[in-house]
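# Working through the structure, step by step
Spelled out from the first residue to the last, the chains are:
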Protein chains: 2
Amino acid sequence: MSSELPKYMELANWIRQKIESKELGYGEKLYSENEMGRMFGISRQTVRQAIRVLEQKKMLESRQGSGTYVSYDAEPGKASFLTIGVITTYVGSYIFPNIIKGIEGVLTEKGYSMQLAFTHNKVENESRVISSMLEKGVDGLIIEPTKSGLPNPNRELYESIAQRGIPLVFINSYYPLLPLPHVSMNDFEAGMLATEYLIRAGHKRIGGIFKFDDYQGHLRYSGYINAMLKAGLGICDENVLWYATEDFSYISGDPNRISKRLEGCSAVVCYNDMIAFDLVHVLKNNGVAIPEQISVISIDNSDRADICEVPLTSVDHPKEALGKTAAHNILTLIQNPDFDATAEFDPTVVERLSVKPLESIFAD
Amino acid sequence: MSSELPKYMELANWIRQKIESKELGYGEKLYSENEMGRMFGISRQTVRQAIRVLEQKKMLESRQGSGTYVSYDAEPGKASFLTIGVITTYVGSYIFPNIIKGIEGVLTEKGYSMQLAFTHNKVENESRVISSMLEKGVDGLIIEPTKSGLPNPNRELYESIAQRGIPLVFINSYYPLLPLPHVSMNDFEAGMLATEYLIRAGHKRIGGIFKFDDYQGHLRYSGYINAMLKAGLGICDENVLWYATEDFSYISGDPNRISKRLEGCSAVVCYNDMIAFDLVHVLKNNGVAIPEQISVISIDNSDRADICEVPLTSVDHPKEALGKTAAHNILTLIQNPDFDATAEFDPTVVERLSVKPLESIFAD
DNA sequence: TTCAATTTGTTCGTATGTATC
DNA sequence: GGATACATACGAACAAATTGA
């Protein structure tokens, strides 16, 4: 009686148990097919079917003419090279090469391998890419959230990551509703610092361009608002322009809209160097002198800030250091799930030529 | 006759081709096992083996009592979660972000995901990283060879890739002894072009600094030699300095060695912008004016060429275009194993300030 | 609901080819 | 070269699930 399971599964389980109990260690040779057939009173074909099952699970490896060997190490850590999944929005441009370089350096040094994927800041890609990583099996995840400023449809996916006990660290941003650690710059401070820099330079009517689909945008905006209020300056909703990832070209392609929004402003805080770069280009093309007529400050201190027609004063993003910290923290988290992996970098301003001090003001 | 492949693989390929040509669409039912056995004059067991192969690749799904169905969508976007492994020497710097950006763009667009890893040009890392990728299961590989200028100890690994039928494309270089396709710039032409540029500028005694552990170094050197001989100029072995990955800092830290080697030369061809960048720095620090006393030309046209104290005239590397081509070719190779995936890009010179024409010469 | 045909799943037996040691 | 081990291939039978009459 008994049974239920087919014979080949019975045998597969018997072998697996031998491996997991370490009775058969990594690299050891299994009994031959004919041998096991005799042992269990089953045909060689049935034995082969059992072996196939475990081959697919990468627990066994057959070598013609030699034998079948255990290719799985029940001991965690040793033979199997742990893999960390890394998901960012973009890759080969802007601040991302530096971030990835930081992550990669640490992971390689510690003997981990890395699986990289990209979302282009689209939620459907995020879901696809995370599923694929879970399928392949990763031992930890470093993720730059997609559209963290909007309700996240992949919440279930994130919950299933947590449930499976796979450590996760967000970089650059995080979903405010998910209680998961993040490594980022202090975006609130960054927005505040940028705004205060303009205020110290004597500017009073200061506009802003912010991204609303990333949570960094919300924080940088909050910092901007906070600095304005702290300085006793009024806020004018008309001077704040919001955009989303998909609006990018539409913004820079509509100079009138921009001019209208910045009317009366002597300076503007930009969400990042990308939008600032385009803003400068559009304004100059429309005969606006920078920084003479409008001062521009932005955030991230990327290569864009350097190669802009008017080099941009920009709040520094930690880039490679952030990547390194994220990698270190995910590794610590693997060893100690109670570790608090959140870290925020304090920003500083890198001065270039896009901000003009207003002479009419003699600030302290 | 013909054959080579076992019958079950022949059948598997026949079915796969039907799916990829969309003759059999997603969700459609395959012929029954007995039917195909009759069609091809093979036994049902052999048919089952073919189906198992495609089941493992997630292209088919069998349901007992019902039939076998296509579970793979050749149409981009939907079901296919194929993964391409990408292995380069470095990541976040030099020409690599652009190459990776090119690869990633194509793979993402076609609905593939990507696993990235890095070797730091060390053979032990190469073997580790390739093993890990094979373990995780990738459907294609794009690899920048490690130390392609030296005998490769991972040859068995490469043979096992070929044996498993996993398509592979090398980028940037290749192992001359392995008959596998590569996508790269034409390094011989690049070396020749750089040298001819100096010759046309009137230089006669031209030194060279080349890397010997990468095969690119051999080819660029051959191009240099070829140009010199073609122009009827003698070659002086003393004026050629060879280095390896690990020598890098040692070279730039030893100004005397360099000066001695370049004695009598009015110009030098550098293996790439990295070494040229350091060379310029060292020479200037030692009171040598560039390009007044020595002209420098290099290869790769990277950001280093731009930010060098003396902006470098450099032979352009296709970077992103190379990445795109490599990605396209690996995808074609997956569908058609007979495709010739080798491609070489013809180089051009990008002029900057590091080469001085010799007035004494009135070349044509 | 039942039944019969179809389809895949499991198991056995046998034979030959080919790689390894 | 010979023994051993896995790889491929054929044939046959029955079990279990699905489908449609």
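Computed from a predicted structure; not experimentally measured.

Quick look at the overall build of chain A now. Per the secondary structure count, chain A includes 13 helices and 14 strands. Each principal axis of the C-alpha atoms in chain A carries an extent, and together these give about 100 × 35 × 35 Å. Pairs at least 24 apart in sequence give 75% of the contacts found in chain A among residues at least 6 apart.

On to the interface of chain B and chain A, then. The interface is formed by 24 residues belonging to chain B together with 24 residues belonging to chain A. Sorting the residues of the side of chain B that touches chain A by element identifies α4 (96-109), β4 (113-118) and α5 (123-136) of chain B as the ones contributing at least two each. Of the residues assigned to the side of chain B that touches chain A, the class counts are 9 nonpolar, 10 polar and 5 charged.

Looking now at the protein's contact with DNA strand D. Neighbouring DNA strand D are 18 residues; S32 of chain A together with P6, K7, T46 and G65 of chain B lie closest to it. Contributions of two or more residues to the surface near DNA strand D are made by β2 (67-70) of chain A together with α1 (7-20) and α3 (44-56) of chain B.

Below, the discussion takes up the sheet that holds strand β11 (residues 295-300) of chain A. All names here are of chain A. Across the sheet, 6 strands lie side by side as β9-β8-β10-β11-β12-β14; this open sheet has mixed pairing. In this open sheet, the two strands that pair with only one neighbour each are β9 (240-243) and β14 (349-350). Where β11 and strand β12 (residues 313-316) come together, 4 bridges link them in parallel fashion. Within β12, the position partnered with I299 by the bridge is V315. Across the sheet, helix α7 (residues 187-200) is in contact with β8 (206-211), β10 (267-270), β11, β12 and β14; its angle to β11 comes to roughly 160°. Where helix α8 (residues 215-230) meets the sheet, its contacts fall on β8, β10 and β11, and the angle it forms with β8 comes to roughly 165°.

Residue and element names in this part refer to chain A. Ordered by their spatial adjacency, 6 strands build an open sheet running β4-β3-β5-β6-β7-β13, and the pairing between neighbours is parallel. Looking along the sheet, the strands with just one partner apiece sit at the ends: β4 (113-118) and β13 (343-345). Taking each pair of neighbouring strands and ignoring which way they run, the sheet shows an average axis angle of 15°.

Residue and element names in this part refer to chain B. Taking 1.5 Å per residue, 13 residues should reach 18 Å; α3 reaches 18 Å between its end C-alpha atoms and fits that length. Taken together, the buried positions of α3 are V47, A50, I51 and L54. Buried residues along α3 cover an arc of 95° about the axis, so they all sit on one side. Buried positions along α3 lie against α1, α2 (33-40), β1 (60-63) and β2 (67-70). Positive phi appears at K58, one or two residues downstream of α3, with a value of about 60°.

In the neighbourhood of DNA strand C, 21 residues make up the surrounding shell, with P6, K7, T46 and G65 of chain A together with S32 of chain B lying closest. For the surface near DNA strand C, the secondary structure elements donating two or more residues are α1 (7-20) and α3 (44-56) of chain A together with α2 and β2 of chain B. Here the residues of the surface near DNA strand C sort into 3 nonpolar, 14 polar and 4 charged.

A common way to express how large an interface is: the accessible area buried when the components associate. All names here are of chain A. Along its sequence, chain A is organised into domain 1 (7-70), domain 2 (83-184 + 319-345) and domain 3 (187-317 + 349-363). Between the C-alpha centres of domain 2 and domain 3 the distance comes to 29 Å. With 13 residues of domain 2 at the interface, the matching set in domain 3 holds 14 residues. The residue makeup of the side of domain 2 that touches domain 3, split by class, is 5 nonpolar, 6 polar and 2 charged.

Looking now at the environment of V70 of chain A. All names here are of chain A. Residue position: V70 is located in strand β2. For V70, a count of 21 C-beta atoms within 10 Å puts it in the buried group. Note: C-alpha distance between V70 and I19 (51 residues apart in sequence) is 7.5 Å. Not counting the four nearest positions on each side in its chain, V70 is found in contact with I19, L24, G25, Y26, G27, E28, L30, M59 and L60.

This brings us to the packing of α4 of chain B against helix α13 (residues 320-335) of chain B. Residue and element names in this part refer to chain B. In the contact formed by α4 and α13, the axes pass within 7 Å of each other and the chain directions differ by 40°. Crossing handedness for the pair α4 and α13: right-handed. Within the contact between the two elements, α4 uses N98, I99, I100, K101, G102, I103, G105, V106 and L107 and α13 uses E320, A321, L322, G323, K324, A326, A327 and H328. When grouped by side-chain class, the residues that make up the contact of α4 with α13 number 9 nonpolar, 5 polar and 3 charged.

For the rest of this paragraph, the subject is the environment of I87 of chain B. Residue and element names in this part refer to chain B. Assignment of secondary structure puts I87 in strand β3 (residues 83-88). Overall, I87 belongs to the buried group, with 22 C-beta atoms counted inside 10 Å. Residues I87 and C265, 178 residues apart in the sequence, show an inter-C-alpha distance of 38 Å. When neighbours within four sequence positions are excluded, I87 is seen to be in contact with A117, T119, V129, I130, I143 and E144.

Definitions and limits used
- Residues numbered from 1 in each chain as written.
- Chains lettered and ligands numbered in written order.
- Predicted model: local features only at pLDDT ≥ 70, side-chain atom pairs only at ≥ 80, totals over all residues.
- Helix = DSSP H or I, 4+ residues; strand = E, 2+ residues; numbered from the N terminus.
- Contact = placed C-beta atoms within 7 Å.
- Nonpolar A, V, L, I, M, F, W, Y, C, P; charged D, E, K, R; others polar.
- Near = placed C-beta within 6 Å.
- Pairing = 2+ DSSP bridges.
- Axes fitted to C-alpha atoms, helices over the stretch in contact; angles between N-to-C directions.
- Expected span 1.5 Å × (residues − 1).
- Buried ≥ 20, exposed ≤ 12 C-beta atoms within 10 Å, placed from the backbone.
- Arc of directions from axis to C-beta.
- Domains from an automatic or database assignment.
- Left-handed = near helix turned anticlockwise from the far one by under 90°.

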